Amino acid sequence: MFDLADVLATNLLGADLTGSDLTGSDLTGSDLTGSSAEEVPVRLRERLVARAGAEHGLDVLYRVVDSPLGPLLLAATEAGLVRVAYAAQDHDAVLSDLADRIGSRILRTGSGLDEVARQLDAFFTGALVSVEVPLDLRLATGFRRQVLEHLRHIPAGQTETYAEVARGAGSPRAVRAVGTACATNPVPIVVPCHRVVRTDGSLGGYLGGAEAKAWLLAREAAA
């Protein structure tokens, strides 16, 4: 799969990869001594990621984690978690969008966003009823942002209709706009748009697919 972040990393870290400072201690440091051939590139990349953040600043750091709903892309800025994306949303397209809307200094990490990943694991197993991490909701503005703020207050195991969310967000007639806000939610699961259903009780649409929405609601109901 084409990895946009690797291309951006090459551009950002080009000097580091070829500079003399990486031909010495960075390649022979004690934390790399004795590492297997497979471990060295991973650990060296993590060192470069940390260094890039310190020396150049990063716009977005991201990783991909496994979940019962398939691989999830997690992306964060200095302010907090900015994006959660299902595989069906096309991770490459999501990264390209982040580059356009936030900044092109994007790097993939294998060990960053550990707290988000840990809480998501606990959520999927039922040990947590919600994921509570700092959020960066800059990708949602206006009424869509108001909808997301309202969704954060729907308790696990409960649902609201699109009409109820519209009222709660301050615009009772904006039912369709609520649907759009849910469909473009940049941080699904963490901001639980899956808890919004149709008036007749049917699930309605979901950016992760109907099966994912049903799974999330069933897990929460059983918790």
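This write-up is about the structure you can find in this document.

Cut-offs applied
Residues numbered from 1 in each chain as written. Predicted model: local features only at pLDDT ≥ 70, side-chain atom pairs only at ≥ 80, totals over all residues. Heavy atoms only, no water. Helix = DSSP H or I, 4+ residues; strand = E, 2+ residues; numbered from the N terminus. Buried < 20%, exposed > 50% of the residue type's maximum accessible area, 1.4 Å probe, protein only. Contact = heavy atoms within 4.5 Å. Areas by Shrake-Rupley, 256 points an atom, 1.4 Å probe, with all protein chains shown as cover. Polar contact = N/O pair within 3.5 Å; in protein donor to acceptor, adjacent residues only side chain to side chain. Salt bridge = Lys/Arg side-chain N within 4 Å of Asp/Glu carboxyl O. Arc of directions from axis to C-beta.

Section: the overall build of the protein
Secondary structure summary: the protein contains nine helices and six strands in total. Within the protein, the proportion of its 223 residues that are buried is 48%. Counted over contacts in the protein with a minimum sequence separation of 6, partners at least 24 positions apart contribute 59%. Of the accessible surface of the protein, which amounts to about 10900 Å², a share of 52% is contributed by carbon and sulfur atoms.

Observations concerning the side chain of aspartate 59
Relative to the assigned elements, aspartate 59 resides in the loop between α3 (39-55) and β1 (60-65). For aspartate 59, a relative accessible area of 17% translates into the label buried. In this structure the side chain of aspartate 59 is engaged in a polar contact, spanning 3.4 Å, whose partner is the backbone nitrogen of serine 104. Those residues in contact with aspartate 59, other than ones at most four positions away along the chain, are Ala76, Thr77, Ile102, Gly103, Ser104 and Arg105.

Focus on the pattern of salt bridges
Pairs may arise between side chains of opposite charge once their charged atoms sit close together. Following the criterion strictly, the structure yields eight salt bridges and no others. For aspartate 97, the salt bridge identified is with arginine 101, shortest N-O distance 3.4 Å. Taken together, the residues aspartate 97 and arginine 101, both in helix α4 (residues 91-101) and four residues apart, mark about one turn of the helix. With relative accessibility at 47%, the residue arginine 101 sits in the partly exposed group. We note a salt bridge from arginine 118 to glutamate 115, for which the minimum N-O separation is 2.7 Å. Of the two residues, arginine 118 and glutamate 115 both sit in helix α5 (residues 114-125), three residues apart, roughly one turn of that helix. Overlapping salt bridges, with partners in common, bring together Arg145, Glu149 and Arg152 in one network.

Quick notes on helix α8 (residues 175-183)
Residues of α8 that are buried include every one of Val178, Ala181 and Cys182, and no others. Along the long axis of α8, the arc covered by the buried residues comes to 95°, so they all point the same way.

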